[in-house]
Number of protein chains: 2
Amino acid sequence: MKFLSEKAKRLTPYTAGLQPREDGWIKLNTNENPYPPSPRVFEVLHNFDTSRLRLYPDMEATELKEAIVADENLDKETTIAHVKNWCKTAVAEGKLSEKVLMARVKELCGPLTDEDFLNVGNVFCANGNDEVLALAFAAFFSGKERVLSPDISYGFYPVWGEMFDVEMQFVSLGADFSINPLNYVGGNGVVIANPNAPTSLVLQLADIEKILKQNPDGVVLIDETYMAYARAQSAVALVGRYENLLVTRTFSKSRSLAGLRVGYAIGQPHLIDGLRRARDAFNSYPLDLVAQKCAAAAMSDREYFDETTAKVIATREKTIASLQEIGCNVLPSQANFIFMESSDAPGLYEFLCQNKILVRHWDNPRIKNFLRISIGTDEEMGTLCRVIKQFREESKCEK
Amino acid sequence: MKFLSEKAKRLTPYTAGLQPREDGWIKLNTNENPYPPSPRVFEVLHNFDTSRLRLYPDMEATELKEAIVADENLDKETTIAHVKNWCKTAVAEGKLSEKVLMARVKELCGPLTDEDFLNVGNVFCANGNDEVLALAFAAFFSGKERVLSPDISYGFYPVWGEMFDVEMQFVSLGADFSINPLNYVGGNGVVIANPNAPTSLVLQLADIEKILKQNPDGVVLIDETYMAYARAQSAVALVGRYENLLVTRTFSKSRSLAGLRVGYAIGQPHLIDGLRRARDAFNSYPLDLVAQKCAAAAMSDREYFDETTAKVIATREKTIASLQEIGCNVLPSQANFIFMESSDAPGLYEFLCQNKILVRHWDNPRIKNFLRISIGTDEEMGTLCRVIKQFREESKCEK
């Protein structure tokens, strides 16, 4: 098209899973949570001070960051020490945008407290984990070569690579779809989803640490979209020790807030400042006030989170058992979806569609015999298993 | 910083106006609306179906687009004809991402109606006008030379230029801060805020049309953030006739929803598809469901919009008259802010701060003797005028 930039012409945009507009579908295609968000989100919306919406939101999402800091059990003392140290360096170098901002805030609002330091600290929030990741590509990978990522992973990584002129190097997964940490060495950046999608497999913390050590000159992005569902420790535990680690997370899955678009990153302050630089070169106010307040409320409800997460995991295990019983090969999932082999995956996809069940299938040759199926309620997964069983029986008859 | 990309290092991020965290300020620095949003926004929030937030939002923001189409009086027949024609061309060229999407939607949800065509039509919504503009830079200007824009205008334009490797050419405003359309010829793109900020001056439709004709090979972006307050016709009236026109607008000012982050663009479908391409290479779901529904409600309340807009305009005229009475030079504003000359603008800025009034000042030599002051309530502007009067009297005494 005549007016498109060369970059926009070359791009292969990401295609998200379908959102059918009519009711009646069992929707297992975009890894949404089958349970509603915490009742505290309801409370926030129903008591919202609408008049406040006339003003711009807090661009640093301070209240939300505080809720995240509390939940992630980040060590406050360490964080404050980090930030103060980083501010000092930046002032010494005489080139800190944040410093200018903080000075102005101080001027207007009085001396800075430890909270202020914390606020510019280890957390960055944006409009969904996708925006966090896009800004991370802009801040840390733009124009670089040899940014390492698995060849089968989240389909948006190569798109951001194109968008920000990154020369990605895609590393093959093992025959069992596992990620071998030894294959990630000397990158100018690394992007790994952990657990990985669509494979559903997880890396343990020791392997993440290996990758951090093997790539000291590049930012290692660990995308923990699905970590709540894994028997593995979050890389957040390593943030204090690795200056090259950035962990990203989302409210879309385990917090049941895909419709609200909130994601965040945790890393040392120099990385958070890098994200802020990229943000302020794109859109200074990525998170609206309603999203900030609702996400903070959801984050504060640990009990509800534990309960719904446990339910999804229980349903996952039950589903895998049922599918194995009828002879299906399912990878040992550590996410809120399963990756299931089928010799006729496109046929099964169609059959499921005919039965108003929506799952996800990719044409990529390596995974063309697999379907990715989100974990719904027990009832939905029961229906799924019955329909798959029926498909398999009918297929046998045809042979 | 070691990990930053070269681009991120080079960037000069945008600095938004300060958002003080303590109460008690008369906040006239970021052109927010002094009045709360339409009561219909309150209704939406207080009756919100929270459980729906577990699902991803409609990435096309269909309901919101419909509200926009209704309010902007876009000719539905023309729009549908445009879109159908564009789909046909794209199918013929065999390279239409949207076509694939629409085919899949059709497959699942039945035949496409005229509404479906309208939905992919002339409107694009994103997370604030800033995101719309950023995506427009990515889609239409990235990597190009000679994209024309006034040398004094919205401070984010040059930042997006840096972010997306655009060689901007900044055209000097006239001595009276006016934009001369004859200076905008043969660009690979044009970006003009109309009314312009911080000057508050407006171009009439005939001048916009001149610029469209003089730049047939580039997209002409008309940023109508402040158009609701102008005695001038919106360029939306020209969308049907110019394939190179993209008009952007916001809910942040005249709809009192700065805290909600919603902006939109109106243009012919090939430009809307270009924006969609850029979006899907950055963040597929830019608008959360709450923002979509609240913005649609605000858009539907034309009466409230007319009423609050008229109040702001009346206060503006009264303020200008008061300031002129005490000898101030104020440009003939067509926006919800005024641009006022002061021989000691930094001094006045400080004096206003001491009196808990926040306005905006830039160090740019050309406008260093000016302050940009948002229009608040009558009461707030009365206080402002008194404090300015006091400053002028004290300054005289000192001389």
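Basis of the calculations
- Residues numbered from 1 in each chain as written.
- Chains lettered and ligands numbered in written order.
- Predicted model: local features only at pLDDT ≥ 70, side-chain atom pairs only at ≥ 80, totals over all residues.
- Heavy atoms only, no water.
- Least-squares fit on C-alpha atoms with pLDDT ≥ 70 in both.
- Contact = heavy atoms within 4.5 Å.
- Pairing = 2+ DSSP bridges.
- Helix = DSSP H or I, 4+ residues; strand = E, 2+ residues; numbered from the N terminus.
- Axes fitted to C-alpha atoms, helices over the stretch in contact; angles between N-to-C directions.
- Expected span 1.5 Å × (residues − 1).
- Buried < 20%, exposed > 50% of the residue type's maximum accessible area, 1.4 Å probe, protein only.
- Polar contact = N/O pair within 3.5 Å; in protein donor to acceptor, adjacent residues only side chain to side chain.
- Buried area = accessible area lost by both parts, 1.4 Å probe.
- Salt bridge = Lys/Arg side-chain N within 4 Å of Asp/Glu carboxyl O.
- Disulfide = S-S within 2.5 Å.
- Phe/Tyr/Trp six-rings, centres within 6.5 Å; stacked < 30°, edge-to-face > 60°.
- Lys NZ or Arg CZ within 6 Å of the ring centre and 35° of its normal.
- Parallel < 35°, antiparallel > 145°, perpendicular 65-115°, else oblique.
- Core = buried A, V, L, I, M, F, W, Y, C linked by side-chain atoms within 4.5 Å.

Peer 1: Explain the relation of the copies chain B and chain A to me, using residue names and the numbers behind them.
Peer 2: The two copies are related by a screw operation: chain B maps onto chain A through 180° of rotation and 0.0 Å of translation along the axis, at an RMSD of 0.0 Å. Within this description, the copies of the chain are treated as partners about a two-fold rotation axis. Taking C-alpha positions as the reference, the residue of chain B nearest the rotation axis is H46(B), at 2.2 Å. A shared interface surface links the copies, since 100% of the contact residues of chain B are contact residues in chain A too.

Peer 1: Give me the sheet that holds strand β5 (residues 189–193) of chain A: which residues, what numbers.
Peer 2: All names here are of chain A. Taken together, seven strands build an open sheet; the order of strands is β2-β8-β7-β6-β5-β3-β4 and the sheet is mixed. Strands at the two margins of the open sheet, each flanked by one partner only, are β2 (123–126) and β4 (167–171). Recorded for the sheet is a direction-independent mean angle of 20° between the axes of neighbouring strands. Looking at chain direction, β5 and strand β6 (residues 219–223) are connected through five bridges and run parallel.

Peer 1: Describe helix α11 (residues 289–300) of chain B, and please don't skip the residues or the numbers.
Peer 2: The end-to-end C-alpha distance of α11(B) is 17 Å, a good match for the 16 Å that twelve residues give at a rise of 1.5 Å each. Taken together, the buried positions of α11(B) are L289(B), V290(B), A291(B), Q292(B), C294(B), A295(B), A296(B), A297(B), A298(B) and M299(B). Packed against the buried residues of α11(B) are α2 (39–46) and α11 (289–300) of chain A together with α2 (39–46), α3 (62–71), β8 (263–267) and α12 (302–325) of chain B. The N-capping residue of α11(B), defined by a side-chain oxygen 3.0 Å from the backbone nitrogen of V290(B), is D288(B).

Peer 1: Give a description of the pairing of strand β9 (residues 337–341) of chain A that names residues and reports values.
Peer 2: All names here are of chain A. Burial analysis of β9 places four of its five residues in the buried class, the great majority of the element. Here β9 pairs with strand β11 (residues 370–374) via five bridges, running antiparallel. For M340, the partnering residue across the bridge sits in β11 and is L371.

Peer 1: Run through the interface of chain B and chain A, naming residues and quoting values.
Peer 2: Across the contact, 100 residues belong to chain B and 102 residues belong to chain A. Both faces combined, the contact of chain B with chain A buries some 8500 Å², and carbon together with sulfur accounts for 58% of it. The tally of links from chain B across to chain A stands at two salt bridges. Counting across the interface, chain B meets chain A through 43 residue pairs in polar contact (both at pLDDT 80 or more). Among the elements that line the side of chain B that touches chain A, the one with the most residues is helix α7 (residues 129–141) of chain B, at eight residues.

Peer 1: Hey, could you go over the pairing of strand β8 (residues 263–267) of chain A for me, with residue numbers and the actual values?
Peer 2: Residue and element names in this part refer to chain A. For β8, the tally of buried residues reaches five of five residues, placing the bulk of the element in the interior. Where burial is concerned, the two faces of β8 agree: the one with G263, A265 and G267 and the one with Y264 and I266 are both buried. Where strand β7 (residues 245–250) meets β8, five bridges bridge the pair, whose relative direction is antiparallel. Note that in β8 the partner of T250 across the bridge is G263.

Peer 1: Give me α11(A): which residues, what numbers.
Peer 2: Judged by how many residues are buried, α11(A) sits mostly within the fold: ten of twelve residues are covered. Residues of α11(A) that are buried sit in contact with α2, α3 (62–72), β8 and α12 (302–325) of chain A together with α2 and α11 of chain B.

Peer 1: Hey, could you go over the state of the cysteines for me, with residue numbers and the actual values?
Peer 2: Here a disulfide denotes a covalent bond joining the sulfur atom of one cysteine to the sulfur atom of another. The full count for this structure, using the stated rule, is zero disulfides over all chains. Cysteine C385(A) is unpaired, with the sulfur of C328(A) as its nearest cysteine sulfur at 8.0 Å.

Peer 1: Any details on the packing of aromatic side chains? Residues and values, ideally.
Peer 2: Where two aromatic rings form a pair, the distance of their centres and the angle of their planes describe that pair. All names here are of chain A. For the coordinates displayed, the defined rule picks out 33 aromatic pairs over all chains. Considering the side-chain rings of Y154 and Y157, the 5.5 Å spacing of their centres and the 90° angle between planes classify their relative orientation as edge-to-face. Residue classification places Y157 among the buried residues on the basis of a relative accessible area of 1%. Sitting above the plane of the F305 ring, R255 keeps its charged end 4.0 Å from the centroid.

Peer 1: Can you explain the packing of helix α7 (residues 129–141) of chain A against helix α10 (residues 269–279) of chain A? Please cite residues and give values.
Peer 2: Two quantities define a packed helix pair, namely the angle between the axes and the distance from one axis to the other. Residues and elements named next belong to chain A. At a closest axis distance of 8 Å, the pairing of α7 and α10 adopts a crossing angle of 100°. On the basis of the axis angle, α7 is roughly perpendicular to α10. Of the residues in α10, those touching α7 at V132, L135, A136, A138, A139 and F140 are L271, G274, L275, A278 and R279.

Peer 1: So what about the nonpolar core? Which residues, and what values?
Peer 2: Residues L64(A) and L64(B) are the most contacted members of the largest nonpolar core, which totals 112 residues. Not counting residues up to four positions away in its chain, the partners in contact with L64(A) are C125(A), F251(A), V262(A), L287(A), Q292(A), A295(A) and A296(A). With 87 residues, the next largest nonpolar core counts L11(A), L11(B), Y14(B) and F282(B) among its residues.

Peer 1: Go over the environment of V190(A) with me, naming the residues and quoting the values.
Peer 2: Residues and elements named next belong to chain A. Structurally, the position occupied by V190 is in strand β5. Residues V190 and P150 lie 40 residues apart in sequence; the distance between their C-alpha atoms is 9.2 Å. Setting aside residues no more than four positions away along its own chain, V190 makes contact with F141, V147, L148, Y184, I211, N215, V219, V220 and L221.

Peer 1: Describe unusual backbone geometry, naming the residues involved and giving the relevant values.
Peer 2: N194(A) connects to P195(A) through a cis peptide bond whose omega is -5°. Its place among the elements puts P195(A) in the loop between β5 and α9 (205–214). The omega torsion of the bond from A197(B) to P198(B) falls at 0°, within 30 degrees of zero and hence cis. In this model, D165(A) sits at a positive phi of 55°, which is unusual for a non-glycine residue. You can see D165(A) is positioned in the loop between α8 (156–163) and β4. Phi angles above zero are rare outside glycine, and R261(A) is one such case at about 60°. As for its placement among the helices and strands, R261(A) is situated in the loop between β7 and β8. R261(A) sits in the buried class, given a relative accessible area of 2%.

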